[in-house]
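# Geometric and topological summary
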Amino acid sequence: MRRTGRAFFLTVKDGKGLSRREVETSISERQFDILWPLTEGRRVSKTRYILPHHGLRIEIDRYADDLHPLCVAEVEFASAAASRKFEKPGFFGKEVTGQIEYSNASLAGHGSPPREVNYRIGALPFLYREGGFISS
């Protein structure tokens, strides 16, 4: 479940790794308010930034609360072949696509994966150091 401003969504994700199916539907605020308490103890709080990149969108999620300072960058593609052709920007870091511990469900239920020294990583990721993003 997700709230973005005054819009409310219910999303179902299927599969794992590089190729996944995602179905999202709008719900009313009332439906959200009825369902939201059922997510107690399994929530993530994050701010999403959109970075246009050569006709694609890099979605950068900066997590809050216990998951801070984890940041994850994700790019969605029309096909697996298109993803393999993608040239990651210089500020991306370690690839974690398919690593279940970086899924929102895992982050919500188990917390942040073990942190690597000096940086945080994300799914189709980028390098982050305390204080900001590393750019080339």
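To start, this report covers the structure provided alongside it. (Residues numbered from 1 in each chain as written. Predicted model: local features only at pLDDT ≥ 70, side-chain atom pairs only at ≥ 80, totals over all residues. Heavy atoms only, no water.)

### Some details on the pairing of strand β5 (residues 56-63)
Which entries qualify depends on this criterion: When DSSP finds two or more bridges between two strands, those strands count as paired. A helix here means a DSSP run of H or I that spans at least four residues, while a strand means a run of E at least two residues long, and both kinds are numbered starting from the N terminus.
Two elements, strand β4 (residues 46-53) and β5, share eight bridges in a ladder whose sense is antiparallel. Residue I50 lies in a different strand from β5, and its bridge partner there is E59. Strand direction decides the pairing type here: β5 and strand β6 (residues 71-75), joined by five bridges, are antiparallel. The residue of β6 that forms the bridge with D61 is V72.

### As for the side chain of E59
Note the threshold: Type-normalised accessible area, obtained with a 1.4 Å probe on protein chains alone, sets the label of each residue: buried when under 20%, exposed when over 50%, and partly exposed for intermediate values. Residues adjacent in sequence count toward polar contacts only when both atoms are side-chain atoms; beyond that, a polar contact is any pair of N or O atoms within 3.5 Å, and within protein one must be able to donate a hydrogen and the other to accept it. Contacts: residue pairs with any heavy atoms within 4.5 Å of one another.
Checked against the element boundaries, E59 lands in strand β5. For E59, a relative accessible area of 12% puts it in the buried group. For E59, the side chain forms a polar contact with the side chain of R57, separated by 3.0 Å. Not counting chain neighbours up to four residues away, the residues in contact with E59 comprise R48, Y49, I50, V72, A73, E74 and E76.

### Focus: unusual backbone geometry
Outside of glycine, negative phi angles account for most residues, and trans bonds account for most peptide bonds. Looking along the chain, the bond that leaves H68 and enters P69 is cis, with omega of 15°. Relative to the helices and strands, P69 is located in the loop between β5 and β6. Even without being glycine, H54 reaches a positive phi, approximately 50°. Looking at the element boundaries, H54 is found in the loop between β4 and β5. With phi around 55°, D65 is a residue other than glycine that occupies positive phi space. By the element assignment, D65 lies in the loop between β5 and β6. In this structure D65 comes out as exposed when scored by relative accessible area, which is 61%.

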